[in-house]
2 protein chains.
Amino acid sequence: MKIIVDCFGGDKSPSANVEGAVLALKEHSDLSLILTGDENVIKTELDRLGYTGDRIEIVHAPEVITGEDKPTDAIRLKRESSMIKAIAMLRKEPDIAGMVSTGATGALIAAATLRIGRIRGIRRPAFCPLLPTMDGGIVGICDSGANVDITPEMLVHQAILGTAYLRNVYNVKDPRVALLNIGVESEKGDDLRKTAYPMLEACGAINFVGNMESRDLLSGKYDLVVCDGFSGNVLVKSTEGTALELLKKLKKDIYSKTIYKLGALLMKKMFMEEKEFMNYHNYGGSVLLGCEKTVVKGHGSSDARAVKICIDQAYRMSAGAMNAEIEAALQQL
Amino acid sequence: MKIIVDCFGGDKSPSANVEGAVLALKEHSDLSLILTGDENVIKTELDRLGYTGDRIEIVHAPEVITGEDKPTDAIRLKRESSMIKAIAMLRKEPDIAGMVSTGATGALIAAATLRIGRIRGIRRPAFCPLLPTMDGGIVGICDSGANVDITPEMLVHQAILGTAYLRNVYNVKDPRVALLNIGVESEKGDDLRKTAYPMLEACGAINFVGNMESRDLLSGKYDLVVCDGFSGNVLVKSTEGTALELLKKLKKDIYSKTIYKLGALLMKKMFMEEKEFMNYHNYGGSVLLGCEKTVVKGHGSSDARAVKICIDQAYRMSAGAMNAEIEAALQQL
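Please read all numbers here as calculations on a predicted model, not as lab measurements.

Peer 1: Tell me about the overall build of chain A, and name the residues and values.
Peer 2: The helix and strand tally for chain A stands at 12 helices and 12 strands. Relative to the 2.2 N^0.38 estimate, which gives 20 Å for 333 residues, the radius of gyration of chain A is 20 Å and therefore close to what a compact globule would have. Principal-axis analysis of the C-alpha atoms places the extent of chain A at approximately 60 × 60 × 35 Å. Evaluated residue by residue, chain A yields a buried proportion of 60% over its 333 residues. For chain A, contacts bridging at least 24 residues in sequence account for 71% of all contacts bridging at least 6. Total accessible area on chain A is roughly 13,400 Å²; 50% of this is exposed by carbon and sulfur atoms.

Peer 1: An account of the side chain of His-28 of chain B is needed here, citing residue identities and associated values.
Peer 2: Residues and elements named next belong to chain B. Among the secondary structure elements, His-28 is positioned in the loop between helix H1 (15-27) and strand S2 (32-37). Among the residues examined, His-28 registers a relative accessible area of 11% and is labelled buried. Filtering out sequence-adjacent residues up to four positions away, His-28 remains in contact with Arg-55, Asp-312 and Tyr-315.

Peer 1: With reference to specific residues and values, describe the relation of the copies chain A and chain B.
Peer 2: For the pair chain A and chain B, the best superposition has an RMSD of 0.0 Å and corresponds to a rotation of 180 degrees with a translation of 0.0 Å parallel to the axis. Between the two chains, the operation in question is that of a two-fold axis. Residue Gly-263 of chain A of chain A places its C-alpha closer to the rotation axis than any other residue of that unit, at 2.0 Å. A symmetric contact is evident, with 96% of the interface residues of chain A recurring at the interface of chain B.

Peer 1: Break down unusual backbone geometry for me, citing the residues and quoting the values.
Peer 2: The residue after Ser-13 of chain B, namely Pro-14 of chain B, is reached through a cis peptide bond having omega 0 degrees. Here Pro-14 of chain B shows up in the loop between strand S1 (2-6) and H1. Residue Asp-143 of chain B is reached from Cys-142 of chain B by a cis peptide bond, and omega for that bond is 15 degrees. Mapping Asp-143 of chain B onto the fold places it in the loop between strand S7 (138-142) and helix H6 (152-170). Positive phi is not limited to glycine here, since Asn-171 of chain A has a value of about 55 degrees.

Peer 1: Please provide a residue-by-residue account of the domain arrangement of chain A, values included.
Peer 2: Residue and element names in this part refer to chain A. When its domains are assigned, chain A resolves into domain 1 (1-122 + 290-320) and domain 2 (126-283). Distance from the C-alpha centre of domain 1 to the C-alpha centre of domain 2: 26 Å. At the interface, 15 residues of domain 1 touch 14 residues of domain 2. Together, the buried faces of domain 1 and domain 2 total about 1,300 Å²; carbon and sulfur atoms form 60% of this surface. Our count for the domain 1 to domain 2 interface comes out at 1 salt bridge. Of the charged contacts in the structure, one is a salt bridge between Arg-305 and Glu-276, with a shortest N-O distance of 3.5 Å. Applying the counting rule to domain 1 against domain 2 returns 6 residue pairs in polar contact (both at pLDDT 80 or more). Going through the elements one at a time, helix H5 (105-115) and helix H11 (304-319) are the ones with two or more residues in the side of domain 1 that touches domain 2. For the side of domain 1 that touches domain 2, the residue count by class is 5 nonpolar, 7 polar and 3 charged.

Peer 1: Got a sec to walk through the pairing of S7 of chain B? Specific residues and values, please.
Peer 2: Residues and elements named next belong to chain B. Taking burial as the measure, the 5 residues of S7 include 4 buried ones, the bulk of the element. With 3 bridges connecting them, strand S6 (residues 130-132) and S7 associate as antiparallel partners. Its bridge partner being in S7, Leu-131 is matched across the sheet by Val-139. The turn joining S6 and S7, which pair antiparallel and follow one another in sequence, is formed by 5 residues; a positive phi near 90 degrees is taken by Gly-136. Here S7 pairs with strand S10 (residues 224-226) via 3 bridges, running parallel. Residue pairing for S10: Ile-141 is matched across the bridge by Val-225.

Peer 1: Pulling in residues and values, what's your account of the side chain of Asp-190 of chain B?
Peer 2: Counting through the fold element by element, Asp-190 of chain B comes out in the loop between strand S8 (176-180) and helix H7 (191-202). Of the polar contacts made by the side chain of Asp-190 of chain B, one reaches the side chain of Arg-193 of chain B; its length is 2.9 Å. If sequence neighbours within four positions are ignored, Asp-190 of chain B has contacts with Val-148 and Asp-149 of chain A.

Peer 1: With reference to specific residues and values, describe the sheet that holds strand S3 (residues 56-60) of chain B.
Peer 2: Residue and element names in this part refer to chain B. Taken in spatial order, the 7 strands of this open sheet run S3-S2-S1-S4-S12-S11-S5, and their pairing is mixed. Edge positions in the open sheet fall to S3 and strand S5 (126-128), since each of these has one partner strand only. In this sheet, neighbouring strand axes are inclined to one another by 25 degrees on average, regardless of whether the strands run parallel or antiparallel. Across the sheet, H1 touches S1, S2 and S3, and the angle it forms with S2 is around 175 degrees. Each of S1, S2, S3, strand S4 (96-101) and strand S12 (294-297) is contacted by helix H4 (residues 82-92), which is oriented at about 165 degrees to S4, the strand it contacts most.

Peer 1: Outline the sheet that holds S7 of chain B, supporting the account with residue identities and numerical values.
Peer 2: The pairing of strands in a sheet happens through backbone hydrogen bonds and is either parallel or antiparallel. Residues and elements named next belong to chain B. Taken in spatial order, the 5 strands line up as S6-S7-S10-S8-S9 in an open sheet, and their pairing is mixed. For this open sheet the edge positions go to S6 and strand S9 (207-212), each flanked by a neighbour on one side alone. Ignoring strand direction, the axes of neighbouring strands in this sheet form an average angle of 30 degrees.

Peer 1: Lay out helix H12 (residues 322-332) of chain A with the relevant residues and their values.
Peer 2: Residue and element names in this part refer to chain A. Considered for burial, the residues of H12 that qualify are Met-322, Ile-326, Ala-329 and Leu-330. Mapping the buried residues of H12 onto a view down its axis gives an arc of 100 degrees, with all of them on the same face. Residues Ala-324, Gln-331 and Gln-332 are exposed on H12 and point more than 90 degrees away from its buried face. As for H12, its buried residues are in contact with helix H6 (152-170), strand S11 (286-289) and H11.

Analysis parameters
- Residues numbered from 1 in each chain as written.
- Chains lettered and ligands numbered in written order.
- Predicted model: local features only at pLDDT ≥ 70, side-chain atom pairs only at ≥ 80, totals over all residues.
- Heavy atoms only, no water.
- Helix = DSSP H or I, 4+ residues; strand = E, 2+ residues; numbered from the N terminus.
- Rg over C-alpha atoms; globule rule 2.2 N^0.38 Å.
- Buried < 20%, exposed > 50% of the residue type's maximum accessible area, 1.4 Å probe, protein only.
- Contact = heavy atoms within 4.5 Å.
- Areas by Shrake-Rupley, 256 points an atom, 1.4 Å probe, with all protein chains shown as cover.
- Least-squares fit on C-alpha atoms with pLDDT ≥ 70 in both.
- Domains from an automatic or database assignment.
- Buried area = accessible area lost by both parts, 1.4 Å probe.
- Salt bridge = Lys/Arg side-chain N within 4 Å of Asp/Glu carboxyl O.
- Polar contact = N/O pair within 3.5 Å; in protein donor to acceptor, adjacent residues only side chain to side chain.
- Nonpolar A, V, L, I, M, F, W, Y, C, P; charged D, E, K, R; others polar.
- Pairing = 2+ DSSP bridges.
- Axes fitted to C-alpha atoms, helices over the stretch in contact; angles between N-to-C directions.
- Arc of directions from axis to C-beta.

And the structure:
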């Protein structure tokens with residue numbers, strides 16, 4: 001299994017990306033990696049980590065795409081960037097199964113959509129990040145920002161993509177799929193939701209369980225939520241943001257009084273666990289579903305461990321029969 | 001000041017609504033209330049509370065609108081319901097300043113939009129609930145679900161409505177208005193957001209500060225967020241839902257070990273404060289902005305204190321020069 005890691009563009013790049021790559025190699029003995037980016041910098045990082053193996057190949061790419069670059073310009077003008085070089089190799093070389101990037105989201109979506117083939121029948125790839133649920137499970141959100149203008153057909157496609165992903169990569173048997181809406185009744189929402197509801201109900205390839213209000217995202221009652229990229233983005237970021245803000249507030253309040261500090265000392269292990277539970281890095285990146293090859297987008301703020309988890313995801317996505325299952329489901333429509 | 005309280009339709013109606021009314025009267029000596037609903041039941045509640053004053057008038061309305069009623073049918077067919085009777089009186093009688101309801105949201109929006117006059121220039125009223133920010137302030141979200149299909153002009157109107165509300169009712173001097181979007185850069189989002197951005201920037205009546213990502217809602221950097229009703233609904237409910245789920249998890253984890261219970265005992269006061277901080281009932285109902293008269297929609301789960309806070313809101317909204325300010329701002333457009 002060969003996977004490319006775009007080593008630049010994240011907040012902690014390239015050190016987090018290179019270290020994440022080395023960590024992933026330790027876990028998967030049949031994995032080899034291609035790292036794209038400034039060759040000298042990557043070599044220095046590998047030296048620093050004491051890596052002496054032969055399962056890493058470096059492909060020199062001196063440019064970096066940033067959030068300031070317009071996605072379409074980035075593709076056209078920054079061909080020597082770590083991201084675009086990775087995408088080009090992923091497209092061209094049959095033995096490369098997938099890629100991981102922590103770089104600019106817009107450029108990655110554009111490059112993946114335009115340069116990597118899509119699964120037949122899929123109009124646009126969609127992001128599917130995961131969040132932890134309160135019963136110890138996970139929930140996928142598809143789409144979380146790749147497509148802000150969508151059609152009811154695309155919502156059905158997203159349900160099929162996410163179902164195959166959860167089944168193949170996370171062993172969720174028969175993922176319960178919900179439609180994000182402003183109420184649970186079937187006639188709720190705008191035209192998009194009203195049209196999509198019966199189409200999702202009629203789709204034999206998925207287990208549609210009805211509408212979901214955003215307040216129930218973490219309840220554990222759903223495995224996958226389908227939505228347009230705009231409201232999906234609002235949903236994921238507000239859930240992450242609220243959790244982070246509350247943890248920060250809790251910490252601040254604890255430090256305000258000695259007796260609270262004492263109490264918190266007794267609960268230290270618990271608070272550490274809560275923090276880990278809410279650390280979205282633990283749940284991997286936003287995979288881009290619907291491409292012929294695996295693309296995993298890590299958070300811009302990914303550290304080495306988070307990058308390693310993204311490489312795990314790419315490894316497991318590429319190893320399974322996910323795309324074959326998606327094609328079969330699309331043909332049934 | 002005369003305000004109507006729809007006493008039926010909430011989860012804890014009518015007892016919470018009647019008790020909330022009595023609590024509000026204690027606070028505002030110049031307030032009188034009209035309670036709509038089953039007369040005998042309301043009388044029994046007032047007796048139970050030992051209310052003997054003369055500032056409550058009961059208007060008998062034997063029917064109740066529920067979440068199962070289609071909004072348009074509810075208006076047409078349930079004229080004898082506590083909500084529709086309240087709306088009809090609010091429309092007809094000049095001395096009634098506003099109303100509070102904890103009943104079905106859809107029916108209330110439809111009835112208010114169709115039966116109560118709108119402020120000249122406003123096409124559709126919009127909800128504006130408030131949430132607490134981490135620096136001890138509040139943030140308004142407009143719209144949170146009244147209008148799922150909207151135009152860029154309506155986003156500007158919502159900015160004007162919310163600005164006047166925060167200024168007049170909460171003494172926020174120059175509310176910082178943000179546009180909910182999937183990124184902070186001005187060119188982010190779909191056509192609706194891209195068109196609305198320069199219009200908001202050009203509007204002299206508001207203090208537009210740019211795009212906001214949902215993760216920053218509670219940061220205290222913004223006083224008002226404008227959005228379509230669909231994503232606004234997702235935003236508010238996911239924020240409330242995440243906070244509630246995390247508190248529940250914390251509580252469960254505390255009870256899992258004796259040492260945690262001991263620690264929590266030392267922090268009891270702090271946890272009570274956190275709980276109060278996150279209790280959205282403390283921040284009042286979703287006011288419906290843009291009507292000629294005040295309409296406050298309390299949460300369906302409102303208890304007596306929450307109903308009382310909604311009545312406070314209606315009192316303060318009706319007392320100010322809010323609507324005059326809105327009309328002036330609209331004329332400047």
